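Summary of structural features
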Amino acid sequence: MTSQLNVDTIVDKAGSGGSNVKMANTSTYVSDGGAVTQNTVQGLCKAWLFAGSDAGLQDSFNISTPTDHGTGDYSYTLTNPFSNDDYSLTATASSTDQRRNATENGARSLAGTLAVETSDAGSMDNTAHNITAHGDLA
C-alpha cells in the first residue's frame, strides 16, 4: 500500500525550523515539464572545490586534503570517496594575464582522489582552478 504526505513545511521536533531529510538512492524527482522522472541522488554534485595556485582550498565540499605535486599538478583527497574511478570530472582554470586550461590527470585520479593539471602551452603554476565531480559514492 502506498501513501502520500502533503505538507507545506517540515521542521524538527523542537520547532526550530531545521530538519534532517534522508533520501534513498532510489528517490526520484519529476522533470520541469512533468513528463520525465530522474534519480535525485544520481544528479547531485558529489564534490567540488575552488583552489589557488598552491592547491590551497578557498572553498570546497567533500574535499579533505589538497596536494601540490609541482608546477600546475594538483590532487585532492575526497572525504567520502567514489565507489570506483568512473566519475565525471569538470575543471576550469583562470589567471589574470591569460587563458588557462585544466585537464584531468588520469595517472593520479582514483576513486578517492580528484586530480588536475593546469596549463597554456606548458604547465603553469599561477592559476586558480575549480573542479566539480559527479559519480557514485561508495
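Our structure is the block above this text.
Structural notes, computed from the coordinates.

**Here we look at unusual backbone geometry**
- One non-glycine residue, Ala55, lies in the positive phi region at around 70 degrees.
- Following the sequence through the fold, Ala55 ends up in the loop between β3 (47–51) and β4 (57–61).
- Of note in the backbone geometry, Asn62 takes a positive phi value of approximately 65 degrees without being a glycine.
- In this fold, Asn62 is placed in the loop between β4 and β5 (63–70).
- The class for Asn62 is buried, based on a relative accessible area of 11%.

**Details of the sheet that holds strand β7 (residues 88–94)**
- The antiparallel open sheet is built from four strands, whose spatial order is β4-β3-β10-β7. Where the open sheet ends on each side, the last strands, each with one partner, are β4 and β7. Averaged over all pairs of adjacent strands, the angle between strand axes in this sheet comes to 5 degrees, irrespective of strand direction.
- Here β3 pairs with strand β10 (residues 128–134) via five bridges, running antiparallel. Within β10, the position partnered with Trp48 by the bridge is Thr132.

**Remarks on the pattern of salt bridges**
- In total, this model carries one salt bridge according to the counting rule given.
- With a closest N to O distance of 2.9 Å, Asp73 and Arg108 form a salt bridge. Placement of Asp73 in strand β6 (residues 73–78) and of Arg108 in the loop between β8 (101–104) and β9 (113–119) is noted, with a sequence separation of 35 residues between them.
- On the basis of relative accessible area, Asp73 is assigned to the buried category, the value being 11%.
- The class of Arg108 is partly exposed, set by a relative accessible area of 30%.

**Digging into the packing of aromatic side chains**
- Per the stated rule, a full pass over the model turns up one aromatic pair.
- Ring geometry for Phe82 versus Tyr87: centroids 4.6 Å apart, planes at 20 degrees, classification stacked. Exposure class is identical for Phe82 and Tyr87. Each is buried.

Rules used throughout
- Residues numbered from 1 in each chain as written.
- Predicted model: local features only at pLDDT ≥ 70, side-chain atom pairs only at ≥ 80, totals over all residues.
- Heavy atoms only, no water.
- Helix = DSSP H or I, 4+ residues; strand = E, 2+ residues; numbered from the N terminus.
- Buried < 20%, exposed > 50% of the residue type's maximum accessible area, 1.4 Å probe, protein only.
- Pairing = 2+ DSSP bridges.
- Axes fitted to C-alpha atoms, helices over the stretch in contact; angles between N-to-C directions.
- Salt bridge = Lys/Arg side-chain N within 4 Å of Asp/Glu carboxyl O.
- Phe/Tyr/Trp six-rings, centres within 6.5 Å; stacked < 30°, edge-to-face > 60°.

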